Amino acid sequence: MVVGTQWGDEGKGKLVDWLTETATGVVRFQGGHNAGHTLVINGVKTALHLIPSGIMRPGVVCYIGNGVVLSAGKLLEEIRGLEKVGIDVRSRLRISEACPLILPFHAAIDVAREAAKELAGTAKIGTTGRGIGPAYEDKIARRALRVQDLKYPERFASKLKDLLELHNHMLTTFLGGAQLDWADALKPYIVKGEVQFDVVYNEAMAHAKEILPMVGDVSRDLNAAHLNGEHLLFEGAQGTLLDIDHGTYPFVTSSNCVAGNASAGAGVGPGMLHYVLGITKAYCTRVGGGPFPTELDWETEGTPGYHMSVVGAERGTTTGRSRRCGWFDAALLKRSAQVNGLSGLCITKLDVLDGLQELQLCVGYKLDGEVLDLLPMGADDIERCEPIYETMPGWSDSSVGVTDFDKLPVNAQAYLKRIEVVTGVPVHMVSTSPDRDHTIVLHHPYAVA
Ligand code: GDP
Ligand code: IMO
Ligand code: MG
């Protein structure tokens, strides 16, 4: 099980791809095309959103579990993009028939809500605008259209009519649909602020023809693969602090990103998860709004935050927005370790810290006159936390591409060892460049304990 321990973009895609040297199946179990996972193989970069990061390794089967909210259109776009560069996707991708569908009105509502917040001068979540939240709302309200409905046009049409009535009411009455004019991607669906039934229906039926051959009972397939002795890998999207329950609520995404949700979101028993690898940046980043206790000024040249932003190329894979940057936060990591049951850490982007003279490591916070060693829950309290830092010496030698722990600069080794002590989780892997091969293995996740 691979999970992001911070606010996403920790480098999960790189590590999932690396682990497919051993794993024969990769499973997405939550989130949707809000995710952006970058893989670099022999210098060639591939960005994935919905398709599991096992797709670049021939023979690996990729599963989209029931916990994922699926935009059929975006999935087909991604498939076609990969096919253009010669990757066989359709024979290796299995989609759960129980996935709720993301339809164009979900994105319309997502975008309109954020615009309404901006107009009202209230804090935006800073969503990716992909309709993720509204699609999960329909799921929880027990009215979602699911992938399996694509098989039956009449059933689909009747459910779609009901759903559109509700959402168009929401768009026109509460969200002033006319403002949607600026959202180019949504224009084809909207007339006078209302999403049009025919356009959505016809498009969905066209998508159905291509999607349905890949649809099946993913839970059954995964259980069969497990009984067959295959190594499966569950790929978390987003990160623990974006989890709907355990994150910096309400500045979170609308699914559970924690390891335990792999079971519900894929349809397998929790006993199947033997090892949880926490992918952890050597510093912290966040895209969108919400509290970030160790955030630095990352826009002023010459500052450590600017260094992280530029050297780390910290721009969102999905929306292209700049990622906010800050120091490593061990008190945050402790919450992640607690809610995920981490077996080990993979520290990524260590190379980005090369050349910084000093590093600060947050070990706790001051809040209301008390000292905390664990991130509190929810944005309101987190916003008031004042970080407590330990200072560590930096290093000037390069760690880029190092694949042997002993060859890392001595101060980089000390930084990693200190992270183990202050988080209470062993470092099992280290990543020293975007490339698949630039990875240090101290304990292999598939090694028998
Ligand atoms: P994910 O969402 O967790 O899969 O992460 P993203 O792919 O969105 O963002 C991580 C970025 O860092 C990508 O551009 C990766 O290519 C890059 N990356 C991953 N590991 C390393 C590393 O060890 N060093 C450097 N310099 N870049 C890395
Ligand atoms: P990966 O898998 C980083 C953030 C958005 C926003 C919040 C809610 O690449 O790590 P949403 O569109 O999900 O309703 O937005 O969550 N967010 C991510 N940030 N990486 C991601 O995915 C993210 N997916 C969503 O920026 O703050
Ligand atoms: Mg990402």
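Keep in mind the model is a prediction, meaning the values are calculated, not measured.

A.B. asks: Go over the environment of Thr 253 with me, naming the residues and quoting the values.
C.D. replies: Inspection of the secondary structure assignment puts Thr 253 in the loop between β10 (232–235) and α8 (261–266). For the pair Thr 253 and Val 339, spaced 86 residues apart in sequence, the C-alpha separation works out to 16 Å. Contact partners of Thr 253, with chain neighbours within four places excluded, come to Asn 34, Ile 132, Gln 238, Leu 242 and Ile 244. For Thr 253, the side chain forms a polar contact with the side chain of Asn 34, separated by 3.4 Å.

A.B. asks: An account of the site of ligand 1 is needed here, citing residue identities and associated values.
C.D. replies: Within the structure, ligand 1 sits among 18 residues, and Lys 12, Gly 36, Thr 38, Asp 351 and Ser 431 are positioned closest to it. Here an oxygen atom of ligand 1 and a backbone polar atom of Thr 38 are 2.8 Å apart. At 2.5 Å from an oxygen atom of ligand 1 is found a side-chain nitrogen or oxygen belonging to Ser 431. Relative to its unbound accessible surface of 580 Å², ligand 1 loses 93% to contact with the protein. If one sorts the elements of the shell around ligand 1 by residue count, helix α1 (residues 12–19) sits on top with 3 residues. Residue classes in the shell around ligand 1 are distributed as 2 nonpolar, 9 polar and 7 charged.

A.B. asks: How would you sum up the coordination of the magnesium ion (ligand 3)? Please name residues and give values.
C.D. replies: The protein atoms that coordinate the magnesium ion (ligand 3) are Asp 9 (OD) and Gly 36 (O), at distances spanning 2.0 to 2.1 Å. Pair noted here: Asp 9 is in the loop between β1 (2–4) and α1 and Gly 36 is in the loop between β2 (25–28) and β3 (37–41), with a separation of 27 residues, a long-range link. Assessed through its relative accessible area of 10%, Gly 36 is described here as buried.

A.B. asks: Which residues make up the site of ligand 2, and what are the values?
C.D. replies: Taken together, 20 residues sit near ligand 2, with Lys 12, His 37, Thr 128, Gln 238 and Thr 253 positioned nearest. Asp 9 is positioned with one of its backbone polar atoms (N or O) 2.8 Å from an oxygen atom of ligand 2. Backbone polar atom of Gly 126 to an oxygen atom of ligand 2: 3.3 Å apart, as the coordinates give it. Burial of ligand 2 by the protein amounts to 97% of the accessible area it has alone, namely 550 Å². Residues that form the shell around ligand 2 fall into these classes: 7 nonpolar, 10 polar and 3 charged.

A.B. asks: I'd love a proper account of the domain arrangement of the chain, names of residues and values included.
C.D. replies: Assigned domains of the chain: these are domain 1 (2–86 + 218–447) and domain 2 (104–212). Facing the 26 residues of domain 1 at the interface are 16 residues of domain 2. Of the roughly 1600 Å² buried between domain 1 and domain 2, counting both surfaces, carbon and sulfur atoms make up 66%. By the criterion of area lost to domain 2, the three top residues of domain 1 are Val 69, Leu 76 and Ser 254, representing 28% of everything that side buries. For the pair domain 1 and domain 2, the number of links is 1 salt bridge. Along the contact surface separating domain 1 from domain 2 lie 5 residue pairs in polar contact (both at pLDDT 80 or more). The class makeup of the residues in the side of domain 1 that touches domain 2 is 9 nonpolar, 15 polar and 2 charged.

A.B. asks: Lay out the state of the cysteines with the relevant residues and their values.
C.D. replies: Enumeration over the complete set of coordinates arrives at 0 disulfides. Considering cysteine sulfurs only, Cys 284 is the nearest to Cys 257, which forms no disulfide, with 16 Å between them. Between Cys 346, a free cysteine, and Cys 284, which holds the nearest cysteine sulfur, the sulfur-to-sulfur gap is 15 Å. With relative accessibility at 0%, the residue Cys 346 sits in the buried group.

A.B. asks: So what about the side chain of Glu 314? Which residues, and what values?
C.D. replies: Turning to its location among the elements, Glu 314 is positioned in the loop between α9 (304–311) and β13 (324–326). Using a relative accessible area of 1% as the deciding quantity, one classes Glu 314 as buried. One polar contact links Glu 314 to Lys 281, side chain to side chain, over a distance of 3.0 Å. In terms of polar contacts, Glu 314 uses its side chain to reach the side chain of Tyr 283, at 2.5 Å. In contact with Glu 314, not counting residues within four places along its chain, are Lys 281, Tyr 283, Thr 285, Met 308, Ser 309, Arg 321, Ser 322, Arg 323, Cys 325 and Lys 349.

A.B. asks: Give me the lowdown on the packing of helix α2 (residues 72–84) against helix α6 (residues 197–211), citing residues and values where you can.
C.D. replies: In a packed pair of helices, the relevant descriptors are the angle between the two axes and the axis-to-axis distance. Relative to each other, α2 and α6 sit at 50 degrees, their axes nearing to 10 Å. On the basis of the axis angle, α2 is oblique to α6. Considering only the axes of α2 and α6, their crossing is left-handed. Along its contact with α2, which presents Ala 72, Gly 73, Leu 75, Leu 76 and Arg 80, the element α6 presents His 207, Glu 210 and Ile 211. Of the residues assigned to the contact of α2 with α6, the class counts are 4 nonpolar, 2 polar and 2 charged.

A.B. asks: Tell me about the packing of helix α5 (residues 153–174) against α6, and name the residues and values.
C.D. replies: The contact between α5 and α6 brings their axes to 11 Å, and the two run at 145 degrees. Note on packing geometry: the crossing formed by α5 with α6 is right-handed. Contacts from Pro 153, Phe 156, Ala 157, Leu 160, Lys 161 and Leu 164 in α5 reach Phe 197, Val 200, Tyr 201, Ala 204 and Met 205 in α6. Here the residues of the contact of α5 with α6 are counted per class, giving 10 nonpolar, no polar and 1 charged.

Analysis parameters
Residues numbered from 1 in each chain as written. Chains lettered and ligands numbered in written order. Predicted model: local features only at pLDDT ≥ 70, side-chain atom pairs only at ≥ 80, totals over all residues. Heavy atoms only, no water. Helix = DSSP H or I, 4+ residues; strand = E, 2+ residues; numbered from the N terminus. Contact = heavy atoms within 4.5 Å. Polar contact = N/O pair within 3.5 Å; in protein donor to acceptor, adjacent residues only side chain to side chain. Near = heavy atom within 4 Å. Areas by Shrake-Rupley, 256 points an atom, 1.4 Å probe, with all protein chains shown as cover. Nonpolar A, V, L, I, M, F, W, Y, C, P; charged D, E, K, R; others polar. Donors = N, O, S within 2.8 Å, 3.2 Å for Na, K, Ca; no water. Buried < 20%, exposed > 50% of the residue type's maximum accessible area, 1.4 Å probe, protein only. Domains from an automatic or database assignment. Buried area = accessible area lost by both parts, 1.4 Å probe. Salt bridge = Lys/Arg side-chain N within 4 Å of Asp/Glu carboxyl O. Disulfide = S-S within 2.5 Å. Axes fitted to C-alpha atoms, helices over the stretch in contact; angles between N-to-C directions. Parallel < 35°, antiparallel > 145°, perpendicular 65-115°, else oblique. Left-handed = near helix turned anticlockwise from the far one by under 90°.

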